[in-house]
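Commentary on secondary and tertiary structure
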Amino acid sequence: MRKSVNRVWRRVMANKLISEMGLPKSIANIFAARNIHTAKDALSLTEFELMELLDVGLAEVTTAVSSISEISCPPYQTALSLLEQRMHNEHLAGHLPTRLKGLDAALCGGIPFGVITELVGPAGIGKTQFCLKLSLLASLPSSHGGLDGHVVYVDTESKFSSRRMIEIGVNSFPEIFQIEGMAQQMAGRILVLQPTTPTEFSECLQKIKDSLLQHHVKLLVIDSMAALVSGDGQGQCRQHPLGWHMTFIKSLAEFSRIPVVVTNQVRSHSGDDPFHYSFQDSRQNLDFPTTFDSHLVAALGIPWAHAVSIRLVLESKSGQRFIKVAKSSMSPPVAFTFAISASGISLLHDDGIEMTGPEINAICGQVLKHFNVASSINDAHNIKYFRDFEVTVVYSIKNWSFRVVCG
Amino acid sequence: MEVSSLPISASHRAKLISAGYISISSLSSISPAHLARDLGISENEATGILKVASQRGGPERTIPSHHSIVDGLRAQTAWDMLHEEESCRRITTSCADLDDILGGGISCKEVTEIGGVPGIGKTQLGIQLAINVQIPLEYGGLAGKAVYIDTEGSFMVERVQQVAEACIKDMQEYDSFLRKDLPARQVNLQANDFLANIYYFRICSYTEQIAVINYLEKFISEHKDIKVVIVDSITFHFRQDFDDMALRTRLLGGMALKLMKLAKKFTLAVILLNQVTTKYSGGSFQLTLALGDSWSHACTNRIILYWNGNGRYAHIDKSPSIRSASAPYAVTGRGIRNLASNCKRVKLM
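Residues numbered from 1 in each chain as written. Chains lettered and ligands numbered in written order. Predicted model: local features only at pLDDT ≥ 70, side-chain atom pairs only at ≥ 80, totals over all residues. Heavy atoms only, no water.

Per an unreviewed UniProt entry, the recorded name for chain B is DNA repair protein RAD51 homolog 3, and the organism is Coffea arabica. The record in UniProt for chain B states the following under Sequence similarities (unreviewed entry): "Belongs to the RecA family. RAD51 subfamily." Listed under Function (unreviewed entry) in UniProt, the entry text for chain B is "Involved in the homologous recombination repair (HRR) pathway of double-stranded DNA breaks arising during DNA replication or induced by DNA-damaging agents." (UniProt positions renumbered as here; feature names shortened; annotations may be inferred.)

An unreviewed UniProt entry annotates chain A as DNA repair protein RAD51 homolog 2-like isoform X2 originating from Coffea arabica. Of the comments in the UniProt record for chain A, the one headed Sequence similarities (unreviewed entry) reads "Belongs to the RecA family. RAD51 subfamily." Looking at chain A in UniProt, the text filed under Subcellular location (unreviewed entry) is "Nucleus".

So, in structure tokens, the structure goes:
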């Protein structure tokens, strides 16, 4: 607890008051007289501007700025002590295992703490399923490999299904869920917020920040980010509309050292999406956009793509679903085939397929919508958790065919 | 030289001029007490002004070079600089092709900006350089330490460990392949030794970013072995919060100057990682590095990492001494390496 309080204190370093920095009285008074009260105020001016404003010589300004900088600068650590700290204090040195062996191996343990992990893919591919499973994993007791904590799930599209989550739990961890009251306890640790307007979304985020420390929140899921934030910042828009949310969520992840999972939508590739630099125009390398049918790109634009640390792309190609690590500083670009079953998401093979080139970032979009939990209805033990009537609708946009199965 | 160009406060300057002291030579033989009386300021302040004036205008300056054409300025001849440039060490990137187009590696006296789309490998290159700067002298390295300023939280310690371990393996291979005739030598380094030599700063606002760059001068004087400063990324905190673009340009300009001064003063390499943005030019949207046109002038060297077909390429976009070229590279489990290295190719240093 004390460690996180220290971190919160650190964040106000930029707002540290000059009057409390122990500068020589004369210069401190001059700063105050000219309305420069915080480190931020002082460091936002160049040294010549300060000389003009404060009416003192260059040497004095340089000394003052140097002292202010030294005091406002955050403390350093060696990379070794960072590693030791994480190994000592955090679960698996800062990872939430997904129980998908191949993926966990690629991510050096699982979803990392302290950074944003993004799940992007076309509708119906399984992003929400993944989120539900992760929420469950975070709430499990540590004896079963969970984080033994609370989860905040921000559901902007009303896709959260507690029945489905409990189904996943019962099928993946039957030994826990068979215990009386366990399902209720696990479900009780997951707090679902459903903002309906961008303003409500912003307020949600503020409230989350305040309650993170008090309530032992171990995972934050935002499903989805794109729904309530308008625009994707492409083109001339200098002030990215997503800007505030992006930095806020990033700093939230960093100072609370929890995993933050965010889902993102896709949109079709428009002619305006840039792929080349000015020096590339002379080389005719335009094979990139046309190689894949129904070619899609992630929404929310380039600044968002820079802000996430891990990008997991979920896509479907020739009837097979893939989850691929498109951006990660710890992993090679590998893709795994996966399927959705009663126990959530499972990998079909734990050995990933290594990808190269444009394949890594491309999102293939043959859209499949598949709601099928019929397989578990025969399990009499679990029958009280399931709907009486299941409908399976499978359709493929490319083939324009429909198949309806009731059972 | 004019009094108006002295670095003193505005009111002092105004008083000097109104009292009739317009050129520096007029201050050369006056006593502080006399000046204080004339200007109506304290004797201490007068002494200060005279000191500044003498530093600027004094004819006796010891100039290290042979010919000083210009009096009163610290200058070096190009001949002296040539010797310096040739003896300047370079940090290898572990990719032979990339080192080739860079003239041996990243230069240790300049600011190099590296930019690219997300996921192209900027942080990877930053981590590789933070490790490679530590390679011992007997393996052709600089035996230096690194400062890693992380503004985005992309520094993953597990990855740094992987790259360090691979570097140690490479050194062991170098020994076994190239020093067969000589007595066996053990590489006594562990991955943790490499980690212990990276000084990590986590920056959360643009104020902290400016503060750390100001503080670096003192920090590096106290830790003399630092040979590389990596800022990952320089862009992040300057992209979102700014309504005042003019302020942003001024602050970025100030930062660039301070970093150049650091690079020169301590003979270290400064690496700035930048993001990309789009710009509309020639009828279409193109990719370009972020932070605008005035920033693009600020860095000495500029390398752009980009996708070309199936491979990652680095393109030298701007450099005063190296010609523009592109080279392929790969990001592997061991770090940055050559693209088509199937054999155990060891970089000869």
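Our focus in this paragraph is the packing of aromatic side chains. All told, the structure shown has 16 aromatic pairs over all chains when counted by the stated rule. With a centroid separation of 5.0 Å and an interplanar angle of 70°, the aromatic rings of Y280 of chain B and F285 of chain B are classed as edge-to-face. The exposure class of F285 of chain B is buried, given its relative accessible area of 14%. By the ring-pair criterion, three or more aromatic residues cluster together here, those being Y76 of chain A together with Y199, F201, Y215 and F219 of chain B. Above the ring of F236 of chain B, the side-chain terminus of K250 of chain A is found at 5.4 Å from the ring centroid. (Phe/Tyr/Trp six-rings, centres within 6.5 Å; stacked < 30°, edge-to-face > 60°. Buried < 20%, exposed > 50% of the residue type's maximum accessible area, 1.4 Å probe, protein only. Lys NZ or Arg CZ within 6 Å of the ring centre and 35° of its normal.)

So, about the interface of chain A and chain B. Across the contact, 74 residues belong to chain A and 73 residues belong to chain B. Of the roughly 6,400 Å² buried at the junction of chain A and chain B (both faces included), carbon and sulfur atoms supply 60%. Counting across the chain A and chain B interface gives 3 salt bridges. Ionic pairing is found between E70 of chain A and K218 of chain B, a salt bridge with its closest N-O pair at 2.9 Å. Taken together, the connections running from chain A to chain B amount to 15 residue pairs in polar contact (both at pLDDT 80 or more). Breaking the side of chain A that touches chain B down by element, the ones donating at least two residues are helix 1 (2-11), helix 3 (39-43), helix 4 (47-54), helix 5 (58-72), strand 1 (77-78), helix 6 (79-89), helix 13 (243-256) and helix 14 (301-307) of chain A. Of the residues in the side of chain A that touches chain B, the class split is 33 nonpolar, 25 polar and 16 charged. Sheet analysis places strand 1 of chain A next to strand 5 (residues 198-202) of chain B, joined by 2 bridges and oriented antiparallel. Paired with T78 of chain A across the strands is Y199 of chain B, a residue of strand 5 of chain B. (Contact = heavy atoms within 4.5 Å. Buried area = accessible area lost by both parts, 1.4 Å probe. Salt bridge = Lys/Arg side-chain N within 4 Å of Asp/Glu carboxyl O. Polar contact = N/O pair within 3.5 Å; in protein donor to acceptor, adjacent residues only side chain to side chain. Helix = DSSP H or I, 4+ residues; strand = E, 2+ residues; numbered from the N terminus. Nonpolar A, V, L, I, M, F, W, Y, C, P; charged D, E, K, R; others polar. Pairing = 2+ DSSP bridges.)

Take unusual backbone geometry next. Residue S224 of chain A is bonded to the preceding D223 of chain A through a cis peptide linkage, with omega at 0°. In this structure, S224 of chain A sits in the loop between strand 7 (217-223) and helix 13. Between D232 of chain B and S233 of chain B the backbone carries a cis peptide bond, its omega angle lying at -5°. Within the secondary structure layout, S233 of chain B lies in the loop between strand 6 (226-232) and helix 10 (236-239). The backbone phi angle of A143 of chain B is positive, close to 45°, even though this residue is not glycine. Mapped onto the fold, A143 of chain B is located in the loop between helix 6 (122-132) and strand 4 (145-150).

The next subject is the layout of surface pockets. Estimated volume of the largest pocket: approximately 1,600 Å³. For the largest pocket, the lining is made up of 43 residues, of which E47, L58, A59 and T62 of chain A together with P7 of chain B are closest to its centre. Mapped onto the lining of the largest pocket, the elements with two or more residues apiece are helix 4 and helix 5 of chain A together with helix 3 (43-57), helix 9 (206-222) and helix 11 (245-266) of chain B. Residue contributions to the lining of the largest pocket peak at 8 residues, all from helix 3 of chain B. Per-class residue counts for the lining of the largest pocket are 19 nonpolar, 12 polar and 12 charged. (1 Å grid on protein atoms, 1.4 Å probe; cavity = no way out; pocket = protein on both sides within 12 Å on 5 of 7 lines; lining within 4 Å. Points joined across faces, edges and corners; volume = space filled by probe spheres on them.)

According to the stated counting rule, one finds 4 cavities of 30 Å³ or more in the structure shown. In this structure, the largest cavity encloses a volume near 450 Å³. Lining the largest cavity we find 33 residues, and of these K327, S328 and S329 of chain A together with G119 and Q124 of chain B sit closest to its centre. Broken down by element, the lining of the largest cavity gets its largest block of residues, 3 residues, from helix 6 of chain B. Taken together, the residues that form the lining of the largest cavity break down as 12 nonpolar, 14 polar and 7 charged. Considered as a void within the structure, the second largest cavity measures approximately 80 Å³ in volume. The wall of the second largest cavity is formed by 13 residues, among which L102, S107, T112, N301 and I322 of chain B lie closest to the centre. Class assignment of the residues belonging to the lining of the second largest cavity gives a composition of 5 nonpolar, 6 polar and 2 charged.

Residues and elements named next belong to chain B. Viewed as axis vectors pointing N to C, helix 9 and helix 11 meet at an angle of 15°, and their least axial separation amounts to 11 Å. When the axes of helix 9 and helix 11 are compared, the pair comes out roughly parallel. Here helix 9 runs over helix 11; the crossing is left-handed. Of helix 11, the residues touching helix 9 (which contributes Y206, Q209, I210, I213, N214, L216, E217, I220 and S221) are L251, M255, K258, L259, K261, L262, K265 and F266. Partitioned by chemical class, the residues of the contact of helix 9 with helix 11 number 10 nonpolar, 3 polar and 4 charged. (Axes fitted to C-alpha atoms, helices over the stretch in contact; angles between N-to-C directions. Parallel < 35°, antiparallel > 145°, perpendicular 65-115°, else oblique. Left-handed = near helix turned anticlockwise from the far one by under 90°.)

With that settled, consider helix 12 (residues 198-212) of chain A. All names here are of chain A. The end-to-end C-alpha distance of helix 12 is 21 Å, a good match for the 21 Å that 15 residues give at a rise of 1.5 Å each. Regarding helix 12, the residues found buried are F201, C204, L205, I208 and L212. End-on, the buried residues of helix 12 take up no more than an arc of 100°, which puts them together on one face. The exposed residues of helix 12 that point more than 90 degrees off its buried face are T199, K207 and D210. Each element contacted by the buried residues of helix 12 is listed here: strand 5 (150-155), strand 6 (190-193), strand 7 and helix 13. (Expected span 1.5 Å × (residues − 1). Arc of directions from axis to C-beta.)

Looking now at the pairing of strand 5 of chain A. Residues and elements named next belong to chain A. Most of strand 5 is tucked away: 5 of the 6 residues are buried. Judged from the 6 bridges that link them, strand 5 and strand 7 form a sheet pairing that is parallel. Within the sheet, the bridge partner assigned to V154 lies in strand 7 and is I222. Pairing geometry for strand 5 and strand 6, over 4 bridges, is parallel. Bridging across to strand 6, V151 finds its partner in I190.

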